Amino acid sequence: MTESVRMTIDGQEHDVPAGELIIQAAQDKGTYIPRFCWHERMNPVGMCRMCLVEVESPRGPMLVTACTDTVADGMSVDTKGPTVKKAQEAILEFLLANHPLDCPVCDKGGECPLQDQAMSHGPGDSRFVEIKRNYEKPIPISDLVLLDRERCILCARCTRFSDEISGDPLIEFQERGNVTEINTFPDLPFSSYFSGNTVQICPVGALTAKPYRFRARPWDLSRVESSGMFDTSHPRISIHSSQNQILRIVGVDNDATNHGWLSDKDRFGFEYLGSEDRLTTPLVKRGGELVAVGWAEALDIVANRIDLIWEEDGGSAFGVIGGARGTNEDAYALSKFARVTLGTNNVDCRMDDALSSHFLAGSVDRALISDLDTADTILIWAADLKEEHPNLYLRARRAAQELGVKLIIVHPRATGLDDRATHKLHYRPGGGFALLDEIAEGVHPEIASALAAQKVVVIVGQTSFADDPKLAESVAALVRSKAGTVRIMPLARRANTFGALDMGLGPDLLPGRVSVGAIGCASLAESWGEFPTSPGKDTRSILEGLDDGEIRCLLLVGADPVNDLPIGAIARDALEAAEYVVSIDLFLNDSNADADVILPALGFAEKEGLVTNVEGRVQKVNAISPGPGQARADWSILADIADRVGRPLGLALAETIAKEIAEVAPAYEGVTWDLLEWDERDGVVVPIQGSQQINHIPVSLAGPRAPRAGLTLHVARTLYDDGVLMRHSPSLHRLAPGPLVHLNPEDARRLGAQGGRPMRVVTKHGEGDFAAVIDEDTPEGVVFVPFNQPGGVSLGTDPVVRVTAVSG
Amino acid sequence: MSAALIVTRRMIDHPADSHRIDVYEDTGGYVQARRAVGMTRDELVDTVKASGLLGRGGAAFSAGLKWSFLAPARPAYLVINADESEPGTFKDRQLLERDPHQMVEGIIITAIANEVHHAFIYIRGEYPKSARRVQAAVDEAYACGYLGSGIFGSDHDLEVTIHLGGGAYICGEETALINSLEGKRGEPRLKPPYFPAAKGLYMLPTIVNNVETVSNLPHILDMGAEEYGKVAHETDTGTFLFSVSGHVNGPGNYELAHGITWRELIYEVAGGIRDDRKLKAWIPGGASAPWFVPAQHLDLEITKEATEGAGSMLGSGAVIVMDETTCTVRAAERLVRFFAHESCGQCTPCREGTTWMEMILRRIEEGQGREVDLDLLLDVSDGISIGLAWPPKMTTICPLGPSAVSPVIALRDYFRDEVMEHVRLGRCPLGTAARGASNSETDIDRPEVLAVETRRERGSGGRPPGEGSPA
Ligand SMILES: Cc1cc2nc3c(=O)[nH]c(=O)nc-3n(C[C@H](O)[C@H](O)[C@H](O)COP(=O)(O)O)c2cc1C
Ligand code: SF4
Ligand code: SF4
Ligand code: FES
């Protein structure tokens, strides 16, 4: 419990928490003090002076800024008296003196704190008859954001955000006095993965986002809350739309997931939904061509073929890949479809780039995102959070920078958080186990001692494809043996991976964090009927099964294994060999272009349902538009096929699917739409009532020791890439780095590499030309190639690499 | 009370070479620093407290008290404020150029008293000669073992770093100075929480003292707090350096004990008004200070208390004298323009308000003024300094914005008619001649004027008060 102090606000006595800012305390007690520069999630600067209040002091009443002074016992604050009123009116008149007042054509008009507070606290007229400040307007400061310096009131919210919160201080105050302006540094655009937040928090229309400019008036927008679905953190968002068209997405402030911040991918990455290339009707292959057909015909064709194969070879002839992008309801339907309709456990939502399904879904000591705030030490032995989990990146940065949490980063090269790391270790790709042994044996005493803290959060995942997926479990096991309380955050890609695994989209998992096995299957059989009781094949084995003919029919649900698998060739060969491929998807992609039947699906914001994030938090996502053409939700497509096959799913409405999940999936007991729509808008962490039956305890495993001489290859993802959703979101796709190879200056010198010039990169699995980037962030001996870039080639998982300069 | 020269004594006795270390040491230099090495923090702090030494940077805060507030965290830093940029102020420059060792010795004493091992001297960028002299003095002190590791053979280490400012007046404000030293924008920090004594340079406890303040320290140790305190007038101890400029016959720096009157300072010490013109107004403590006028203030004693009681301050000791040829609108416009130009731009009232004030004043001076403009000007000023009182009730982070209001208060109180005359005539009533004559800027390139002995006796070289006397 925080202590409280007794203070007076406008003559009224209140008990307020000690140490709180006056502006916050007053607000909690129902007194709104006007403000521009103060933002709850950032350090106060007291610059705009809008929040001046009068405080009694031994030397008489004093003007202080309510956003910088904290409450004290016996303090008496006046927020409305003549002095304060004079100050407020003066500040507003000053702010408006040079303001262009182009509100009719300003995106912010109607939701503008300057307009609102001029109305509520301003003098009502302006006596400024001089010539206003003039600037060229607007100027682009990045690919996504424009700046209108005439509208700017110099509150430093944008600069503080980029400095304090996102850690890329690329905009700053320049000049001084009356010609002070916000701007970027020469030749350094504001290229931040988080730039859109500045637009959201700018209290005027000075910063605008290219994708939204001039597209709407705020009062015409309908607003619906949902969750961002670009990574597994599921930031809370509000979707603003007009006539079923999403016009923009803004972050919703909550403690649980995102503090109101969003990555630009979560904010601007909805363009694909409105893409011309969306699939709008079912397509079937006839004479080598994809032909549009009606739903009934397409479903009949699929059902008949399933029937035929099932008659001949039974359930083991089927494989299902995907399902990690939809809702839990979709995933549940798919899980049930695989088991009940297809009769198989060959189902996997992971793309051969993930940790074990039991580790992901079944660790009972899973960390909450908010655990990062209260940890003593955070160990990150995983992807570069800034590139792959931008929300977690912001949270971890804050923990290290503002809350004094120790941060240990283990990665093959520098990550976006290295500047905040207490300790960092760089290792050669594939050398993870050797390093882990060293830590265990005390070779890195500073790390061992940081890990021996009371409360440690371990963020684990694959740093690059060269990491053995089991390494993450060994890391978790080692920390468990050292620290007091350990919380584990295993990372996965694809936004609803955790929901999908919880729904049983793993070869060894059933809904509700239950293992495939006699006991779990038996209890589920009461509602599902009989299905195989031994674990099925994972993605890699399914693809191999297709290749050798053991599996005849593949169902791809929102999955593009050719592009997504670390070794794309495995998927390509398997798809070529497959007898029958059905794809449920939003787009044609490199994996389904040659499928037998392609069924158009609904995407994000086109359907309602539940999703589960990296901490096991279940939130509700909502529909804004009905989707293009005849596209349908995955679950309803699957239910129709199942009906036709004659082994129905009994699923008729998304909301009733959620009810069924709550009944049959132990960890989801009590989780209903109602609960999440009304009482728990920020979600609940499961299990809330039920239990999870698996308790995966990682054990220290030995793994391959791979320290080698020569160059080793580090392939990892970047925020913007050539994934299918990005491909159809042009604003962001343009920002993908492209086919690059990063080299340390020393290696570059040895190899004769020059910045921007092509280098030939050759591995066991592929080869291609990549433009050289020479940077200190890449240690000597390591070669970094961003994965899945437009124009790039897949280089596979083996760290052995040869790099040569391309002559000419 | 005796006339006394303390910090300028050496440069008067040795006009050619007072900056040299041999001269310095021959005249008692570094004896006190050597002594201080053997003293405790408490002894030193108590001595300085007892001496009554007030800061000479403008705020006139007790130096000893400031030291005693230094938070316990270590390392702690010392920063010498040699940014001297207040219009009309040029006294630190003389101390820097002509007696740099005196300041270095003061730094050593301050460092020992405050357990400081690294001091920074922040010198105004436009003072290259000062910087060279100080650098030479610091180098010599290092060579003699007075700076560096184990100073004077003790176990106290002291490094000194010299930093040249980038040309912003606001960097004289102690927290802006600290930001600037850290390589950041020169913007004042919020107080609270960033009081230098607690969270100063690199967020560590920091003492910021003015050049003149620390230059007094060797003498305080030498004379003893009590003796030093006797060079005084009631509350104000020691001497005070006045930079007198403007329309006087003898502009220059004068070291004085407090307590003489303004009449004496202007007419005797500074030789009276040039060409025997009439005195119109003067600024008693640097461009930030509210103005004084002969009718009300000429016989006021020059003490902190009396000056503040009359609604102004002694500030940095810059006395800017304006004679009857001065257009006060133009003088006010020039001063406000300075503050508007030097505003760091952080806070709304200062950034927007001072420029607005400048625009209104310029309009009036150029004959475009309206009847309502003086009231508008006062109301705009009121938004920066509520109530237009002194000391100001600021709506800003630092006192720079409210400083711009001082000349406007003078217009309101003493020169309202002159302002309205501008409006009525649609031009400056003093004519274009006033433009050249009313220049209140200090020409930093003019030859140095030596400090002179205080002349206490009325009439000893001065002129009859109030009027010009035959040359
Ligand atoms: C706008 C402004 C400018 C200032 N400029 C100077 C300056 O040039 N030199 C100086 O010593 N103090 C200056 N000061 C005062 C300093 O903030 C600080 O009070 C002083 O350096 C403390 O030293 P002292 O206690 O020895 O006087 C300025 C203050 C303000 C508000
Ligand atoms: S651009 Fe917006 S957020 Fe940034 S300083 Fe200006 S008004 Fe504030
Ligand atoms: S008063 Fe002026 S100089 Fe001082 S902090 Fe505010 S804007 Fe900057
Ligand atoms: S909100 Fe407090 S100064 Fe801006």
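No experiment lies behind these values; they were computed from the predicted model shown.

Once that is clear, we can look at the overall build of chain A. Check the secondary structure of chain A and you find 26 helices and 36 strands. Computed over the C-alpha atoms, the radius of gyration of chain A is 28 Å, within 12% of the 28 Å expected from 2.2 N^0.38 for a compact globule of 808 residues. Taken along the three principal axes of its C-alpha coordinates, chain A extends 90 × 60 × 55 Å. Taking all 808 residues of chain A together, 56% fall into the buried category. In chain A, the proportion of contacts linking residues at least 24 apart, taken out of those at least 6 apart, comes to 71%.

The number of helices and strands found in chain B is 23 helices and 12 strands. Against the 2.2 N^0.38 benchmark of 23 Å for 471 residues, chain B shows a C-alpha radius of gyration of 22 Å, consistent with a compact globule. With the C-alpha coordinates aligned to their principal axes, the bounding extent of chain B is approximately 75 × 50 × 35 Å. Burial status across chain B gives 58% buried among its 471 residues. When contacts within chain B are restricted to residue pairs at least 6 apart in sequence, long-range pairs at least 24 apart make up 73% of them.

As a further point, take the pairing of strand 3 (residues 159–164) of chain B. All names here are of chain B. Bridge count for strand 2 (residues 116–123) against strand 3 is six bridges, and the pairing is parallel. Across the sheet, the residue bridging to isoleucine 121 is isoleucine 162, located in strand 3. Note that the unit made of strand 2, helix 8 (residues 128–143) and strand 3 has a crossover that is right-handed.

Residue and element names in this part refer to chain B. Looking at the assigned domains, one finds that chain B contains domain 1 (9–230), domain 2 (236–323) and domain 3 (328–437). When each unit is reduced to the centre of its C-alpha atoms, the spacing between domain 2 and domain 3 is 22 Å. Every contact between the two is made by 10 residues of domain 2 and, on the other side, 12 residues of domain 3.

Residue and element names in this part refer to chain A. Following both chains from N to C, one finds helix 8 (residues 328–341) and helix 22 (residues 654–664) inclined at 70°, their axes separated by 9 Å at the closest point. Classified by the angle their axes make, helix 8 and helix 22 are roughly perpendicular. Crossing angle aside, the handedness with which helix 8 passes helix 22 is left-handed. Of helix 22, the residues touching helix 8 (which contributes Asn328, Glu329, Tyr332 and Ala333) are Ala654, Ile657, Ala658 and Ile661. Classifying every residue of the contact of helix 8 with helix 22 by side-chain character gives six nonpolar, one polar and one charged.

Before going further, it helps to examine the packing of helix 13 (residues 432–440) of chain A against helix 15 (residues 471–480) of chain A. Residues and elements named next belong to chain A. Put simply, helix 13 and helix 15 touch, their axes get as near as 10 Å, and they point 5° apart. As the angle between them shows, helix 13 and helix 15 are arranged roughly parallel. Packed against helix 13, whose contacting residues are Gly432, Phe433, Leu436, Ile439 and Ala440, the element helix 15 presents Leu471, Ser474, Val475 and Leu478 at the interface. Residues that form the contact of helix 13 with helix 15 fall into these classes: seven nonpolar, two polar and no charged.

Bringing helix 8 of chain B into the picture now. Residue and element names in this part refer to chain B. Here helix 8 contains 16 residues, and its C-alpha end-to-end distance of 22 Å stays within 8% of the 22 Å for a straight helix at 1.5 Å per residue. For helix 8, the full list of buried residues reads Ser130, Ala131, Arg133, Val134, Ala137, Val138 and Ala141. Taken around the axis of helix 8, the buried residues stretch over an arc of 165°, which confines them to a single face. Projecting away from the buried face of helix 8 at angles above 90 degrees are the exposed residues Pro128, Lys129 and Ala143. Turning to helix 8, the residues buried within the fold contact helix 2 (21–26), helix 6 (91–98), helix 7 (100–113), strand 2 and strand 3.

This paragraph deals with the site of ligand 3. All names here are of chain B. Near ligand 3 lie 14 residues; those nearest to it are Cys344, Cys347, Cys350, Thr396 and Cys398. At the level of secondary structure, the elements contributing two or more residues to the shell around ligand 3 comprise helix 18 (348–365) and helix 20 (400–403). Across the shell around ligand 3, the residue classes break down as eight nonpolar, five polar and one charged.

All names here are of chain A. Its place among the elements puts valine 801 in the loop between strand 35 (782–786) and strand 36 (802–805). Placed 783 residues apart in sequence, valine 801 and alanine 18 show a C-alpha to C-alpha distance of 59 Å. Those residues in contact with valine 801, other than ones at most four positions away along the chain, are Leu711, Thr712, Leu713, Val761, Val762, Thr763 and Val783.

Okay, the interface of chain B and chain A next. Taken residue by residue, the interface counts 27 residues in chain B and 25 residues in chain A. It is helix 18 of chain B that provides the largest number of residues to the side of chain B that touches chain A, a total of eight residues. When the residues that make up the side of chain B that touches chain A are grouped by side-chain class, the tally is 11 nonpolar, 10 polar and six charged.

The next point concerns the site of ligand 1. Residues and elements named next belong to chain B. Surrounding ligand 1, one finds 23 residues, the nearest of these being Gly55, Gly57, Gly172, Asn210 and Thr213. By residue number, the principal contributor to the shell around ligand 1 is strand 4 (residues 206–210), which donates three residues. The class makeup of the residues in the shell around ligand 1 is seven nonpolar, nine polar and seven charged. If you count residues domain by domain, the shell around ligand 1 takes at least three from each of domain 1 (9–230) and domain 3 (328–437).

Another aspect to go through is the sheet that holds strand 13 (residues 245–251) of chain A. Residue and element names in this part refer to chain A. Spatially, the three strands line up as an open sheet ordered 11-12-13, and their pairing is antiparallel. Two strands lie at the open edges of the sheet, namely strand 11 (222–227) and strand 13, each paired on one side alone. On average, each strand axis in the sheet is tilted by 30° relative to the strand beside it, whichever way the strands run.

Moving on, we come to the environment of Ser288(B). Residue and element names in this part refer to chain B. Within the secondary structure, serine 288 sits in the loop between strand 9 (279–283) and helix 15 (294–297). Note: C-alpha distance between serine 288 and proline 407 (119 residues apart in sequence) is 8.3 Å. Sequence-distant contacts of serine 288, defined by excluding residues within four places in its chain, comprise Glu86, Gly315, Pro399, Ser403 and Ser406.

The subject of this paragraph is the confidence of the model for chain B. Residue and element names in this part refer to chain B. Confidence in the prediction for chain B averages 91 pLDDT; 91% of positions are at 70 or higher. Segment residues 433–471 is flagged for pLDDT under 50; beyond a separation of four residues in sequence, or across chains, it makes 71 contacts in the model. At the level of chain-chain contacts, confidence expressed as ipTM amounts to 0.91, with global pTM at 0.94.

It is worth spelling out unusual backbone geometry at this point. Omega for the peptide link from Arg74(B) to Pro75(B) comes to 5°, which places this bond in the cis form. Put simply, Lys191(B) and Pro192(B) share a cis peptide bond, and its omega is -5°. Within the secondary structure, Pro192(B) is located in the loop between helix 9 (174–181) and helix 10 (196–199). Positive phi is not limited to glycine here, since Ala605(A) has a value of about 70°. The residue Ala605(A) is located in the loop between strand 27 (597–600) and strand 28 (609–612) in this model. Here Ala605(A) falls in the buried class, since 23 other C-beta atoms lie within 10 Å of it. Look at Leu388(B): it is not a glycine, yet its phi comes out positive at around 50°. With respect to the helices and strands, Leu388(B) occurs in the loop between strand 11 (385–386) and strand 12 (393–394). Taking the C-beta count within 10 Å as the criterion, Leu388(B) has 20 such neighbours and is therefore assigned buried.

Criteria and thresholds
Residues numbered from 1 in each chain as written. Chains lettered and ligands numbered in written order. Predicted model: local features only at pLDDT ≥ 70, side-chain atom pairs only at ≥ 80, totals over all residues. Helix = DSSP H or I, 4+ residues; strand = E, 2+ residues; numbered from the N terminus. Rg over C-alpha atoms; globule rule 2.2 N^0.38 Å. Buried ≥ 20, exposed ≤ 12 C-beta atoms within 10 Å, placed from the backbone. Contact = placed C-beta atoms within 7 Å. Pairing = 2+ DSSP bridges. Right-handed = clockwise from strand over helix to strand, strands pointing away. Domains from an automatic or database assignment. Axes fitted to C-alpha atoms, helices over the stretch in contact; angles between N-to-C directions. Parallel < 35°, antiparallel > 145°, perpendicular 65-115°, else oblique. Left-handed = near helix turned anticlockwise from the far one by under 90°. Nonpolar A, V, L, I, M, F, W, Y, C, P; charged D, E, K, R; others polar. Expected span 1.5 Å × (residues − 1). Arc of directions from axis to C-beta. Near = placed C-beta within 6 Å. pLDDT = per-residue confidence, 0-100.

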